[in-house]
Structure formats: C-alpha cells, structure tokens
Amino acid sequence: MKISKVDIRLIPQGQGNTMAFAAVYFDNGFMIDLFKVISGSKGLFAAWPTTKRGDKWWPSVTTTDKTLYENVKNEILNAYTEATKTKRSYEPKSSPKPQ
C-alpha cells in the first residue's frame, strides 16, 4: 500500500501533549483519520487511532504489516515537521513499497 498524501491539523500549543491530528491517504482510495502526533518523554511519536470503550482505550485501526506500520508512522512525523515549517498539507515525494 502506497501513501499518497498526509494531512496534518496542528493543535495550538499549550493544549496538552497532542501536537496534531493526521489523516493518511493511500493510493487505492483508502483513508485513515485521527492519527495523533504526541510529544512524549522520549520525543514525538505518531499514535494510531483509538476508541474508548468503558475505561480502556482500544485500537480503532491497526496493521499486521510491520513495514507499513513504520512507513505510516514515519510519513506522519515527516508531515508534521513540514507542516510546522510551512503550515501546509504534506505530500510525500515517494513512499517505499511494503515488503
């Protein structure tokens, strides 16, 4: 699955650890929304969408393909970095194909 576009919605600073929300568009017409860019104790990380059921948070969407997981995470963090510089949506130049 190839990533064709990542939209970043920046959160104003001072609103907790969530820095942005992201939507990831794939070349086959599939889109996943509500990824989060979070500032943690070890730096920024991209969190996949979750849903609260009762008192626990559960994954809304995930993948069993580790390469795809890493590609999505890296593209979101690259898009976030670009968005903080330009305040625009980020489109990857090329995305590695999953193995």
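Residues numbered from 1 in each chain as written. Predicted model: local features only at pLDDT ≥ 70, side-chain atom pairs only at ≥ 80, totals over all residues. Heavy atoms only, no water.

### Examining the overall build of the protein chain
Point 1. Scanning the protein chain from N- to C-terminus turns up one helix and six strands.
Point 2. Going from N to C terminus, the protein chain has its helices and strands arranged as β-β-β-β-β-β-α.
Point 3. Counting every position in the protein chain, which comprises 99 residues, the buried fraction comes to 30%.
Point 4. Restricting to contacts in the protein chain with at least 6 residues of sequence separation, those with at least 24 account for 39%. (Helix = DSSP H or I, 4+ residues; strand = E, 2+ residues; numbered from the N terminus. Buried < 20%, exposed > 50% of the residue type's maximum accessible area, 1.4 Å probe, protein only. Contact = heavy atoms within 4.5 Å.)

### Points about the side chain of D7
Point 1. Topologically, D7 is positioned in strand 1 (residues 3–10).
Point 2. Judged by relative accessible area, which is 18%, D7 ranks as buried.
Point 3. At 3.4 Å, the side chain of D7 forms a polar contact with the side chain of Y25. (Polar contact = N/O pair within 3.5 Å; in protein donor to acceptor, adjacent residues only side chain to side chain.)

By themselves these figures say nothing about function.
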